[in-house]
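# Notes for the structure review
Residues per chain are reported as follows:
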Amino acid sequence: MIKKPQHFRKERDGITLFVRLTPKSAKDAIEGVEETDDGRSHLKARVRAVPEDGRANAALVKLLAKQLDLSARDVTIAAGATSRLKQVRISGDPDELALKLAVLEPPEY
C-alpha cells in the first residue's frame, strides 16, 4: 500500500497544518486536500476576504476554528503570512485534531 503525503504534521501539543489559501473567493470554504507536483499535500481553503492587512489570514483562522469546532485562539498562522502556502499551528490533542481533519477530506474511491 502506498502511503500518501499528509497535509498536516503531529506535534507534541497540537498539529501543524499545511494550507493553500485562495483569497477573494465567492465564499468561505474548505475544499479538501490536494497534492502538488512536488509530492506535498495541502488543505485547500477559500475565503471571501482580501489579502490586505491580514484580513485573509484572519478569515482563514476563523474558518478553520469553526470547521474544527475550536476556539480561534487555538489556531494561528505559523508561517507564510504573505504567501498562499501557509503553515497553521493548531493547539490541542494531536490525535483528536487528526481525526477532525480526516472529516474535512473527501472520501477515496
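Look a little higher up for the structure.
Analysis parameters
Residues numbered from 1 in each chain as written. Predicted model: local features only at pLDDT ≥ 70, side-chain atom pairs only at ≥ 80, totals over all residues. Heavy atoms only, no water. Helix = DSSP H or I, 4+ residues; strand = E, 2+ residues; numbered from the N terminus. Buried < 20%, exposed > 50% of the residue type's maximum accessible area, 1.4 Å probe, protein only. Contact = heavy atoms within 4.5 Å. Areas by Shrake-Rupley, 256 points an atom, 1.4 Å probe, with all protein chains shown as cover. Expected span 1.5 Å × (residues − 1). 1 Å grid on protein atoms, 1.4 Å probe; cavity = no way out; pocket = protein on both sides within 12 Å on 5 of 7 lines; lining within 4 Å. Points joined across faces, edges and corners; volume = space filled by probe spheres on them. Nonpolar A, V, L, I, M, F, W, Y, C, P; charged D, E, K, R; others polar.

### What to know about the overall build of the chain
- For the chain, the helix and strand inventory stands at two helices and six strands.
- When the helices and strands of the chain are placed in sequence order, the string is β-β-β-β-α-β-β-α.
- Across the 109 residues that make up the chain, the buried fraction comes to 37%.
- Taking contacts inside the chain between residues at least 6 apart in sequence as the whole, the part at least 24 apart equals 54%.
- Accessible area of the chain: about 7000 Å², with a carbon and sulfur share of 48%.

### Concerning helix 1 (residues 55–67)
- For helix 1, built from 13 residues, the straight-helix expectation of 18 Å at 1.5 Å per residue is met to within 8% by its first-to-last C-alpha distance of 18 Å.
- As for helix 1, its buried residues are in contact with strand 2 (14–22), strand 3 (29–35), strand 4 (41–46), strand 5 (75–79) and strand 6 (85–91).

### A few points about the layout of surface pockets
- Reported here for the largest pocket is a volume of approximately 200 Å³.
- Along its surface, the largest pocket is lined by 14 residues, and Pro51, Ala81, Thr82, Ser83 and Lys86 are the ones closest to its centre.
- Broken down by element, the lining of the largest pocket gets its largest block of residues, three residues, from helix 1.
- Looking at the lining of the largest pocket, its residues break down into five nonpolar, four polar and five charged.

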